[in-house]
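Listed below, chain by chain, are the residues.
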Amino acid sequence: MLKQIKNTEGFKTIANGLWRDHPIFSMVLGICSALAVSNKVDNAIAMSGGVMFVLIATAIIISMLRKLIPLRVRIITFMIVIASFVIIVNKFLEAFFPIISLALGPYVGLIITNCILMGRAEAFYTHNNTWLSVLDAIANGIGYSYTLISVAIIRELLGFGTILGFRIMPAGWTNWVVMSMAPGAFFVLSVFIWLTRTLAKQTPD
Amino acid sequence: MKDRLLMIVFILVLGSILTISLIAVDNYTAPIIKKNNEIKIKKSVLDVFGIPYSKDTIEKVFSDTVEIRKIQNKTFYILKNGDIAFEIKGSGVWGPIQAMIALKSDKKTINAMVIIYQEETPGLGGRIADKSFLSRFKGKKVVPELILVAHGKAKGVNEVNAITGATLSSKALQKIINTNIREYLPLIGRM
């Protein structure tokens, strides 16, 4: 029974997104945004939600149009589809979550250049049906999100002594300023990639 | 030839559909975003004047207490007792700093200041947004010029203790205050 499930396309897709072909530590895609917005947990959640939405929406559109898209203009097609959904996310955040929108600054717009989206569109959505593509989008979205959020938990805890704004560290805790700045992201993310690659027994290509 | 035509038609059709949906989203969100920005400014005005308000009463409190006056595209917020507030902005160390400053009716003394937006180093320059730092500006004279000095050295009526470990952010804030004041004061004089 377990073996049967393991051999289905759906299971493979999910496993690939969550672990084997994990966008960040296996394919090293989407690093820039993972570094930039992982200083606070609420920013990481908002960014994850945005990426997840754009991934799913792109998966639906591209996989539905996959037989219509002329081969030579496929990259332009990905670009305009992704860009449109990113603008929608940006407007939505500005209208309903102005504070988070301000904190994320230009990085929401930069979801457009998040290589996970282009990479998945090119590698997966153009070759698979809508159902599998959406599954792949969700798996990759969760893969991206759990990395971003765990990095953010470590950085916010050490850099501000809080998680989601709630005080965790005892009074008198000295904030590690470096954690809330860009260098802290490099330290934490590289430790994360090192750990997960060791666990997954992957060697760098 | 037929392929090329198909390609162009495909991109045009897809592009038009997406553009139309973007216009729809923009139409729907634009008024909400505009309102958000207005509330952000109103909040900072009430904060800088020290007027209490809640989320629901902010519009009413603002229109009851504050008078808005525009001179040469600059906006001034005026209280009945003559206190006057306006927005100042400029560049900090990492990004823009935006603040609201309130002067007493003599137009020379700072009554209060709040930071609307800043991206300074958290824990160092980021402390420019702390109440404990901003309260140091109360009663200081902006004429002829405000000066931020090393911590504990402030003596004159136009000297303010800077933040130790955040010299650049302190200097940036000093420059923002002085350049903006120089620009706004002549306009206030014409009121």
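Look up a bit, the structure's there.
The structure reproduced in this document is the subject of the present report. Throughout this description, residue numbers start from 1 for each chain and increase along the sequence as written. Here chains are named by letter from A upward and ligands by number from 1 upward, in the order in which they appear as written. Per-residue local features of the predicted model are confined to residues with pLDDT of at least 70, and side-chain atom pairs are confined, for both listing and counting, to 80 or more; whole-chain, interface and lining totals are unaffected and use all residues.

**As for the overall build of chain A**
Thought 1: Every helix listed is a DSSP run of H or I at least four residues long, and every strand listed is a run of E at least two residues long, numbered separately from the N terminus. Tallying secondary structure elements over chain A gives 10 helices and 2 strands in all.
Thought 2: For chain A, the N- to C-terminal ordering of α and β elements is α-α-α-α-α-α-α-α-β-β-α-α.
Thought 3: As a reference, a globule follows 2.2 Å times the number of residues to the power 0.38, and the radius of gyration itself is taken over C-alpha atoms. Computed over its C-alpha atoms, the radius of gyration of chain A comes to 18 Å, within 12% of the 17 Å expected for a compact globule of 205 residues.
Thought 4: Taken along its principal axes, the extent of the C-alpha atoms in chain A is 60 × 45 × 30 Å.
Thought 5: Looking at chain A residue by residue over its 205 residues, the buried ones come to 39%.
Thought 6: We call two residues in contact when the distance between their C-beta atoms, placed using the backbone, is within 7 Å. At a minimum sequence separation of 6, the contacts of chain A that also span at least 24 residues come to 74%. Three classes are used. A residue is buried when 20 or more other C-beta atoms lie within 10 Å of its own, exposed when 12 or fewer do, and partly exposed in between, with C-beta atoms placed from the backbone.

**Details of the interface of chain A and chain B**
Thought 1: Across the boundary between the two partners, chain A contributes 22 residues, which contact 21 residues of chain B.
Thought 2: At 11 residues, helix α5 (residues 74-96) of chain A tops the list of elements feeding residues into the side of chain A that touches chain B.

**Describing the sheet that holds strand β1 (residues 67-71) of chain B**
Residue and element names in this part refer to chain B.
Thought 1: For two strands to be treated as a pair, DSSP must find no fewer than two bridges joining them. Pairing in this open sheet of 5 strands is antiparallel, and the strands run β1-β2-β3-β4-β5 from one edge to the other. The open sheet has two free edges, formed respectively by β1 and β5 (110-117), since each of these has just one partner strand. Taken over all neighbouring pairs, the strand axes of this sheet differ in orientation by 30 degrees on average, direction set aside.
Thought 2: Fitted lines through C-alpha atoms serve as axes, helices being fitted only where they are in contact, and the angles separating the N-to-C directions of these axes extend from 0 to 180 degrees. Those strands touched by helix α1 (residues 2-49) are β2 (74-78), β3 (84-91), β4 (96-103) and β5, and its axis lies near 150 degrees from that of β5.
Thought 3: Running at roughly 135 degrees to β3, helix α4 (residues 167-189) makes contact with β1, β2, β3 and β4 of the sheet.

**A look at unusual backbone geometry**
All names here are of chain B.
Thought 1: For the bond from Val143 to Pro144, the omega torsion is 0 degrees, close enough to zero to count as cis.
Thought 2: Structurally, Pro144 is set in the loop between α3 (131-134) and β6 (147-149).
Thought 3: Even without a glycine there, the phi angle at Lys107 is positive, about 65 degrees.
Thought 4: Of note, Lys107 is situated in the loop between β4 and β5.
Thought 5: On the neighbour-count criterion, Lys107 (17 C-beta atoms within 10 Å) is partly exposed.

**Focus: the environment of Leu5(B)**
Thought 1: Within the secondary structure, Leu5(B) sits in helix α1.
Thought 2: Distance from Leu5(B) to Leu79(B), taken between C-alpha atoms, is 65 Å for residues 74 residues apart in sequence.

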